[in-house]
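# Fold and contact review
Here is how the chains run, residue by residue.
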Amino acid sequence: MSDLVLPDGLTPSVLAFVLVAALTAGWVDAVVGGGGLVQLPALLLVPGLSPVQALATNKLASVFGTTTSAVTYQRRVHPDLRTALPMAAVALAASAGGASVAALVPAQVFKPAIVLALVGIALFTAFRPALGEVTVLRHTGRRHHGTALAVGAVIGFYDGVLGPGTGSFLVFALVSLLGYDFLNASAKAKIVNVATNLGALAFFVPHGSVVWGLGLLLGAANTLGGYLGSRTATSRGTGFVRAVFLVVVTALIVRLGWDVWTENLRPLLG
């Protein structure tokens with residue numbers, strides 16, 4: 001069996017595990033982003049799958065889930081596409097650019113800064129309970145759209161280079177810099193996240209990094225999770241999305257903080 005269809009070492013039990021992870025990741029991604037925290041580590045446990053193949057296959061599966069949740073949010077929340085679509089277009093190009101240099105940038109350079117940023121985001125959100133309760137736009141006109149495009153470019157590039165927490169960074173930026181409530185921010189973040197995944201795939205597919213059979217199976221599970229998550233978020237509202245946001249950001253801090261400890265700090269102390 002070709003490794004580009006299914007890895008030769010993939011057993012039924014491991015496949016079942018990664019499918020459950022993909023379903024969970026789709027739900028988390030749909031509510032607030034951060035599903036890669038679940039799906040990518042699961043893929044890295046698949047025998048015979050290289051880190052680049054895991055990253056590329058993760059992007060393929062995520063496209064299905066984020067597209068499903070974006071469509072569901074569009075039907076139920078009706079986010080402003082005049083902001084979301086230009087932001088997504090810029091993010092797509094930036095993500096493709098980030099993916100092209102991903103192999104040149106060691107993760108150890110980024111992860112400590114990401115952990116510090118996430119800690120700041122968590123504290124800022126936790127100690128400002130009114131943040132993101134209602135939409136009160138910070139800017140209007142060109143300044144609003146310019147800020148949105150800048151957010152799309154920066155976070156799109158980050159998603160192409162590394163990726164953990166992209167959805168959470170998007171939601172926080174849309175809430176804190178643009179003034180959307182958490183539900184509307186999550187709806188727009190899904191549209192942008194579809195674009196960042198497609199941008200990364202535009203680099204990975206021609207290089208033969210995607211394991212198509214596994215990616216499509218995970219995509220089906222991710223789609224179901226995305227549908228369920230977006231319906232849960234839209235029915236439960238902004239307070240629920242905010243609570244899940246804090247849980248996911250905390251989990252990201254723990255996960256990436258462990259990486260920083262094992263890759264950066266423990267070698268210095270040991």
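Predicted model, so just to flag it, every value in this text is computed and none were measured.

## So, the overall build of the protein chain
Regarding its fold elements, the protein chain presents 10 helices and 0 strands. Computed over its C-alpha atoms, the radius of gyration of the protein chain comes to 18 Å, within 12% of the 18 Å expected for a compact globule of 270 residues. Across its three principal directions, the C-alpha atoms of the protein chain cover 55 × 45 × 30 Å. For the protein chain, the proportion of its 270 residues judged to be buried stands at 53%. Across the protein chain, the fraction of contacts at a sequence separation of at least 24, relative to all contacts at a separation of at least 6, is 84%. Per element, the accessible surface of the protein chain, about 11600 Å² overall, is 71% carbon and sulfur. Taken as two groups, the 16 positive and 9 negative side-chain charges of the protein chain have centres that lie 11 Å from each other.

## Comments concerning the confidence of the model for the protein chain
In low-pLDDT segments, the atomic positions of the prediction should not be examined closely. Mean pLDDT over the protein chain works out to 89, with 97% of the residues at or above the 70 mark. Averaged pLDDT values for the elements of the protein chain fall to 83 in helix α5 (residues 107-126) and rise to 95 in helix α9 (residues 212-236).

## Some remarks on the UniProt feature "transmembrane region" (unreviewed entry) in the protein chain
When the UniProt feature table is mapped onto this chain, "transmembrane region" (unreviewed entry) is found at residues 14-38, 84-103, 109-127, 148-178 and 239-258. As a span, residues 14-38 carries 84% helix and 0% strand, and end to end its C-alpha atoms are 14 Å apart. What you have in residues 239-258 is 100% helix and 0% strand, and the ends, taken at the C-alpha atoms, are 29 Å apart.

## Quick word on a nonpolar patch on the surface
Taken together, the side chains of Trp258, Trp261, Leu265, Leu268 and Leu269 define a hydrophobic patch exposed on the protein surface, amounting to about 600 Å² of accessible area. Relative to the elements of secondary structure, leucine 269 occurs in helix α10 (residues 238-269).

## A few points about the side chain of threonine 234
Looking at the secondary structure, you find threonine 234 in helix α9. Of note is the side chain of threonine 234, whose polar atom sits 2.7 Å from the side chain of arginine 76. Of the polar contacts made by the side chain of threonine 234, one reaches the backbone oxygen of arginine 231; its length is 3.2 Å. Each residue touching threonine 234, except ones within four places of it in the same chain, is listed here: Tyr73, Arg76, Val77 and Leu183.

## Some points on α10
Taking 1.5 Å of rise per residue, 32 residues should cover 46 Å, and α10 covers 44 Å from first to last C-alpha, within 8% of that figure. Of all the bends in α10, the largest measures some 40° and sits at tryptophan 261.

## Quick look at helix α1 (residues 12-31)
The periodicity of an α-helix, 3.6 residues per turn, causes residues three or four positions apart to be oriented the same way. Look at α1: 29 Å from first C-alpha to last across 20 residues, which is about the 28 Å you get at 1.5 Å a residue. Along α1, the positions that sit buried rather than exposed are Leu15, Val18, Ala21, Ala22, Ala25, Gly26, Val28, Asp29, Ala30 and Val31. Each element contacted by the buried residues of α1 is listed here: α2 (36-43), α3 (51-76), α8 (182-204), α9 and α10. Where α1 ends, the next residue or the one after it, glycine 33, has phi of about 90°, a positive value.

## Thoughts on the nonpolar core
Ranked by size, the top nonpolar core spans 51 residues in total, and within it Val32, Leu118, Val171 and Phe245 carry the most contacts. Contributions of two or more residues to this core are made by α1, α3, α4 (81-101), α5, α6 (141-161), α7 (166-176), α8 and α10. With 10 residues, the top contributor of residues to this core is α10.

## Description of the packing of α4 against α6
Between α4 and α6, whose axes approach to 6 Å, the crossing angle comes to 30°. The angle between α4 and α6 falls in the class roughly parallel. Along this stretch, α4 crosses α6, giving a crossing that reads as right-handed. When α4 is examined against α6, the residues Arg82, Thr83, Pro86, Met87, Val90, Ala91, Ala94, Ser95, Gly97, Gly98, Ala99 and Val101 are found in contact with a partner set consisting of His144, His145, Ala148, Leu149, Val151, Gly152, Ala153, Gly156, Phe157, Gly160 and Val161. Per-class residue counts for the contact of α4 with α6 are 13 nonpolar, 9 polar and 1 charged.

## Describing the environment of tyrosine 158
With respect to the helices and strands, the residue tyrosine 158 is situated in helix α6. Along the backbone, tyrosine 158 and alanine 102 are 56 residues apart, and their C-alpha atoms lie at a distance of 9.3 Å. When sequence neighbours within four positions are dropped, the list of residues in contact with tyrosine 158 reads Ile114, Gly163, Pro164, Thr166 and Phe169.

What counts as what
- Residues numbered from 1 in each chain as written.
- Predicted model: local features only at pLDDT ≥ 70, side-chain atom pairs only at ≥ 80, totals over all residues.
- Heavy atoms only, no water.
- Helix = DSSP H or I, 4+ residues; strand = E, 2+ residues; numbered from the N terminus.
- Rg over C-alpha atoms; globule rule 2.2 N^0.38 Å.
- Buried < 20%, exposed > 50% of the residue type's maximum accessible area, 1.4 Å probe, protein only.
- Contact = heavy atoms within 4.5 Å.
- Areas by Shrake-Rupley, 256 points an atom, 1.4 Å probe, with all protein chains shown as cover.
- Lys, Arg positive; Asp, Glu negative; His and termini not counted.
- Charge placed at Lys NZ, Arg CZ, Asp CG, Glu CD.
- pLDDT = per-residue confidence, 0-100.
- UniProt positions renumbered as here; feature names shortened; annotations may be inferred.
- Patch = residues over 30% accessible without salt bridge, like charges linked within 9 Å, V, L, I, M, F, W, Y side chains within 5 Å.
- Salt bridge = Lys/Arg side-chain N within 4 Å of Asp/Glu carboxyl O.
- Polar contact = N/O pair within 3.5 Å; in protein donor to acceptor, adjacent residues only side chain to side chain.
- Expected span 1.5 Å × (residues − 1).
- Bend = angle between axes of the 7 residues up to and from the residue.
- Core = buried A, V, L, I, M, F, W, Y, C linked by side-chain atoms within 4.5 Å.
- Axes fitted to C-alpha atoms, helices over the stretch in contact; angles between N-to-C directions.
- Parallel < 35°, antiparallel > 145°, perpendicular 65-115°, else oblique.
- Left-handed = near helix turned anticlockwise from the far one by under 90°.
- Nonpolar A, V, L, I, M, F, W, Y, C, P; charged D, E, K, R; others polar.

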